[in-house]
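# Survey of secondary and tertiary structure
Listed below, chain by chain, are the residues.
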Amino acid sequence: MNQTKTKILPPDAHGLREAAEILHAGGLVSFPTETVYGLGADARDDAAVARIYAAKRRPSFNPLIVHLADVSVVSQYVQINDAAKQLADAFWPGALTLVLPVVSGGTVSKLVTAGLGTLAVRVPNHPVATAVLTAFSGPVAAPSANPSGRISPTMAAHVLAGLDGRIDAVVDGGSCDVGVESTIVSCVGVPTLLRAGGISIEALEACLGAPVQRDEDPDAPASPGQLASHYAPAGVMRLNASYAEPHETWLGFGAVDADLNLSPAGELTEAAANLFGMLHQMDALGAKHIAVSPIPDHGLGQAINDRLRRAAAPRD
Ligand code: TXA
Ligand code: MG
């Protein structure tokens, strides 16, 4: 890919207009959402979507989430059913992605769905994301704005660390509040959790009044992006560590004397918001061996543990 000068745009009227112009011209713009920074392109433009895959060096079988400004336009892209409507009413705008059958004759590029008959859609809850989507006035395909397999970005500086010179612009809207990606639920058939994320499974089940199936067969992931090794910092990770060996850098949780601490108070929301930023800091520190405290496996802890397991998984 040719080297491009990546512009840093402010989230004001001028910056938003420029972001929309770049998207209309088939370019790549990173923007903040409440979960992580996305790398956006016009979802209807094959060449623009192909540029996302090239910039991320992403395997092309891995489909993308389409981001929409407003709940009212979602039915132009996917077929909504009862369970999807219940979840959308409860959690949109927000950190939930729904996988649904794509409408026939839809305008979204086949590269976005990677040839599947389903489409992942999300209405983000972040003023800058909404402003970019509204200024552009169309569907924006956006994976997390990191090179494939690496840590997701929660600040504009993280985006630049991974993709500077490979994308046209990043709208700098500060840090992301939630800090882990959206929860992905397939509503094709029985509602099934494809990825734990910013909305807890307990909250989904309370909304539906029924259990949500888990898609936990690692050999046959229905969400093709769920590769075992992912979100990886450069160092080797050891999980559930109650202390750090002398050669290890300790990523703590709760009242422990660690090098970095996800949440000294032991709060899962704070830990989720800090997770990717602190993994980026481990890279910046040059940590070769990382010990990570145990994280309680409920609420947002499930999303945190999912990301930690992937970050610690054996690598190619
Ligand atoms: O919070 C988020 O979801 C962020 C922000 C930018 O919105 N986006 C994000 O996108 O995490 P990405 O591309 O890094 O992860 C999307 C996941 C992948 O695992 C992909 O395989 C899955 O969604 N996915 C996309 N379309 C799908 C589909 N039709 N069926 C099943 N899984 C799908
Ligand atoms: Mg990602």
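Residues numbered from 1 in each chain as written. Chains lettered and ligands numbered in written order. Predicted model: local features only at pLDDT ≥ 70, side-chain atom pairs only at ≥ 80, totals over all residues. Heavy atoms only, no water.

## Concerning the domain arrangement of the chain
Quick reminder of the rule: The domain boundaries here were taken from an automatic or database domain assignment. Buried area is understood as the total, over both parts, of accessible area removed when two parts are fitted together, assessed with a 1.4 Å probe. Definition used for salt bridges: Asp or Glu carboxyl oxygen within 4 Å of a side-chain nitrogen of Lys or Arg. Polar contacts, as used here, are pairs of N or O atoms within 3.5 Å; protein pairs need one atom able to donate a hydrogen and one able to accept it. Residues neighboring in sequence count only if both atoms are side-chain atoms.
According to the domain assignment, the chain consists of domain 1 (7–180) and domain 2 (236–312). Here the C-alpha centroids of domain 1 and domain 2 sit 28 Å apart. Considering only the surface of domain 1 that becomes buried against domain 2, Ile151, His158 and Val180 emerge as the three largest contributors, covering 60% of it. In this assembly, domain 1 and domain 2 are joined by one salt bridge. Linking Arg150 and Asp283 is a salt bridge whose minimum nitrogen-to-oxygen distance equals 3.8 Å. Along the contact surface separating domain 1 from domain 2 lie two residue pairs in polar contact (both at pLDDT 80 or more).

## Quick word on the nonpolar core
Test applied: Within this scheme, the nonpolar core is defined by two criteria: the residues are buried Ala, Val, Leu, Ile, Met, Phe, Trp, Tyr or Cys, and they are joined through side-chain atoms within 4.5 Å. Using a 1.4 Å probe on the protein chains alone, a residue whose accessible area is under 20% of its type maximum counts as buried, one over 50% counts as exposed, and one in between counts as partly exposed. Here a helix means four or more residues in a row that DSSP labels H or I, a strand means two or more in a row labelled E, and each is numbered from the N terminus. Note on contacts: a residue pair qualifies if any of its non-hydrogen atoms lie within 4.5 Å across the two residues.
In this structure, Leu87, Leu96, Leu98, Val112 and Leu204 are the most contacted members of the largest nonpolar core, which totals 48 residues. Listed by contribution, the elements that provide at least two residues to this core are β3 (37–42), α2 (46–56), α3 (82–91), β5 (96–101), β6 (118–122), α6 (156–163) and α7 (201–208). Residue contacts for Leu87: discarding those within four places in its chain leaves Trp92, Leu96, Leu98, Val185, Cys187, Leu204, Cys207 and Leu208. In terms of nonpolar packing, the next biggest core, distinct from the first, is built from 28 residues, Leu251, Ala272, Ile295 and Ala303 among them.

## Section: the environment of Lys5
Within the element layout of this structure, Lys5 appears in the segment before β1 (7–9). According to the relative accessible area criterion, Lys5 is exposed, its value standing at 72%. In this structure, the C-alpha to C-alpha distance between Lys5 and Ala169, residues 164 residues apart in sequence, is 8.1 Å. The contact partners of Lys5, leaving out residues within four places of it in the chain, are Ile167 and Asp168.

## Let's talk about the pairing of strand β15 (residues 289–292)
Quick note on the threshold: Here, strands pair whenever DSSP counts at least two bridges between them.
Bridge count between strand β12 (residues 236–238) and β15: three bridges; the pairing is parallel. Pairing of Met237 across the sheet is with Ile290, part of β15. Note that strand β13 (residues 249–252) and β15 share three bridges and pair parallel. In the strand pairing of β15, Leu251 is matched with Val292.

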